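Architecture at a glance
Given next are the chains, with one letter for each unit.
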Amino acid sequence: LTAAALTTTGAHAHAPRAGSNGDSSADPAHARTKPGGLCVTNAGDGTVSFIRPDGTTGAAVTVGKNPSEAAIAPAGTPNAGTAYVPNYDGGTMSVIRPDGTTGATVTVGKNPFGVAIAPAGTPHAGTVYVTNVGDGTMSVIRPDGHRGATLTVGENPSAAGIATADTTNAGTVSVSHRFDGQMSVTHPTDSRGDQITVCLGPSGGAISTAGAQHPRN
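Residues numbered from 1 in each chain as written. Predicted model: local features only at pLDDT ≥ 70, side-chain atom pairs only at ≥ 80, totals over all residues. Heavy atoms only, no water.

1. Details of the overall build of the protein chain
Regarding its fold elements, the protein chain presents zero helices and 16 strands. In the protein chain, which comprises 217 residues, the proportion classed as buried is 50%. Taking as baseline every contact in the protein chain between residues at least 6 positions apart, the subset at least 24 positions apart corresponds to 43%. In the form shown here, the protein chain has an accessible surface area of approximately 9,700 Å², with 52% of it arising from carbon and sulfur atoms. (Helix = DSSP H or I, 4+ residues; strand = E, 2+ residues; numbered from the N terminus. Buried < 20%, exposed > 50% of the residue type's maximum accessible area, 1.4 Å probe, protein only. Contact = heavy atoms within 4.5 Å. Areas by Shrake-Rupley, 256 points an atom, 1.4 Å probe, with all protein chains shown as cover.)

2. Describing the sheet that holds strand 7 (residues 92-96)
Judged by pairing direction, the sheet is antiparallel, and its four strands sit side by side in the order 5-6-7-8 without closing on themselves. Sheet topology places strand 5 (71-72) and strand 8 (106-107) at the edges, where each strand pairs with a single neighbour. Taken together, the five bridges between strand 6 (residues 83-87) and strand 7 define a ladder with antiparallel strand orientation. Among the inter-strand pairings, V85 is bridged to a residue of strand 7, identified as S94. (Pairing = 2+ DSSP bridges.)

3. Considering the environment of N169
Mapped onto the fold, N169 is located in the loop between strand 13 (157-162) and strand 14 (173-177). Considered as a pair, N169 and H187 are 18 residues apart in the sequence and their alpha carbons are 8.3 Å apart.

4. As for the pairing of strand 15 (residues 182-186)
Of all five residues that make up strand 15, four are buried, and the element is covered over most of its length. Pairing analysis gives five bridges linking strand 14 to strand 15, with the strands arranged antiparallel. Among the inter-strand pairings, S176 is bridged to a residue of strand 15, identified as M183.

5. Some points on the side chain of T41
With respect to the secondary-structure elements, T41 resides in strand 2 (residues 38-42). There is a polar contact of 2.5 Å between the side chain of T41 and the backbone oxygen of S68. (Polar contact = N/O pair within 3.5 Å; in protein donor to acceptor, adjacent residues only side chain to side chain.)

6. Some remarks on the nonpolar core
Counting residues in each nonpolar core, the largest one holds 12 residues, listed as A71, A73, Y84, M93, V95, V106, V108, V115, I117, V128, V130 and I141. Contributing elements (two or more residues each) for this core: strand 7, strand 9 (112-117) and strand 10 (128-132). In contact with V95, other than residues within four places in its own chain, are T82, A83, Y84, T101, T102, G103, A104 and V106. Counting residues in hydrophobic clusters, the runner-up holds 11 residues, among them A116, L151, V153 and V175. (Core = buried A, V, L, I, M, F, W, Y, C linked by side-chain atoms within 4.5 Å.)

7. Overview of the environment of F113
Relative to the elements of secondary structure, F113 occurs in strand 9. Between the C-alpha atoms of F113 and S68, which are 45 residues apart in sequence, the distance is 5.5 Å. Every residue in contact with F113, bar those within four places of it in the chain, is listed here: S68, E69, P86, Y88, T131, V133, S158 and R178.

8. Examining the sheet that holds strand 9
Read from one edge to the other, the open sheet built from four strands follows the order 9-10-11-12, with strand pairing classed as antiparallel. The open sheet has two edge strands, strand 9 and strand 12 (147-152), and neither has a second partner. When the angles between neighbouring strand axes are averaged without regard to direction, this sheet yields 20°. Note: strand 10 against strand 11 (residues 137-141), five bridges, orientation antiparallel. Bridging across to strand 11, Y129 finds its partner in V140. (Axes fitted to C-alpha atoms, helices over the stretch in contact; angles between N-to-C directions.)

Spatial relationships are all this shows, so hold off on functional conclusions.
Shown next, in the form of structure tokens:
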């Protein structure tokens with residue numbers, strides 16, 4: 001197990017059809033996962049498992065080599081319920097539709113690791129952002145599957161977070177750099193913002209939503 005993503009209310013992700021591995025001709029009997037289901041990447045065998053809220057599992061879906069993180073398009077975005085999985089060793093991202101079938105594999109950068117999806121109400125909602133550890137870039141994939149810009153961010157970019165619609169910087173993407181103690185900021189226009197010094201080895205992050213109280217020193 002490498003990472004997991006949670007299905008949100010209204011996203012309507014589905015568990016894959018038994019034995020399908022993306023084959024649309026497989027047994028049509030399948031159980032749609034309700035909100036709260038999990039999409040889990042399995043680096044050891046290049047698959048993704050779907051776990052329903054009741055703990056039962058659907059058939060695993062084959063993706064690429066060494067899948068890393070996963071993200072599921074939230075409700076209110078194009079392709080809501082679609083799972084996006086970067087394949088670290090392949091330089092690609094797998095796309096799994098809500099019915100469990102696989103879409104076109106998207107070429108991204110070298111050693112893709114993190115993935116985030118612009119939420120509903122933000123500029124470019126449904127756009128997928130993939131951090132590429134091997135070349136210090138971030139790939140931008142539009143909801144229709146077309147590649148946007150490849151942005152230079154910083155050394156060993158790992159996690160990405162996107163400000164939600166109810167914030168003053170909605171749609172802004174923040175990326176932590178694991179090796180240089182920096183965080184880069186990308187505006188919704190795909191233009192670079194500030195480079196912020198944080199601490200040694202940042203590997204994750206989270207963005208406060210409207211009305212939330214964040215920690216203060």
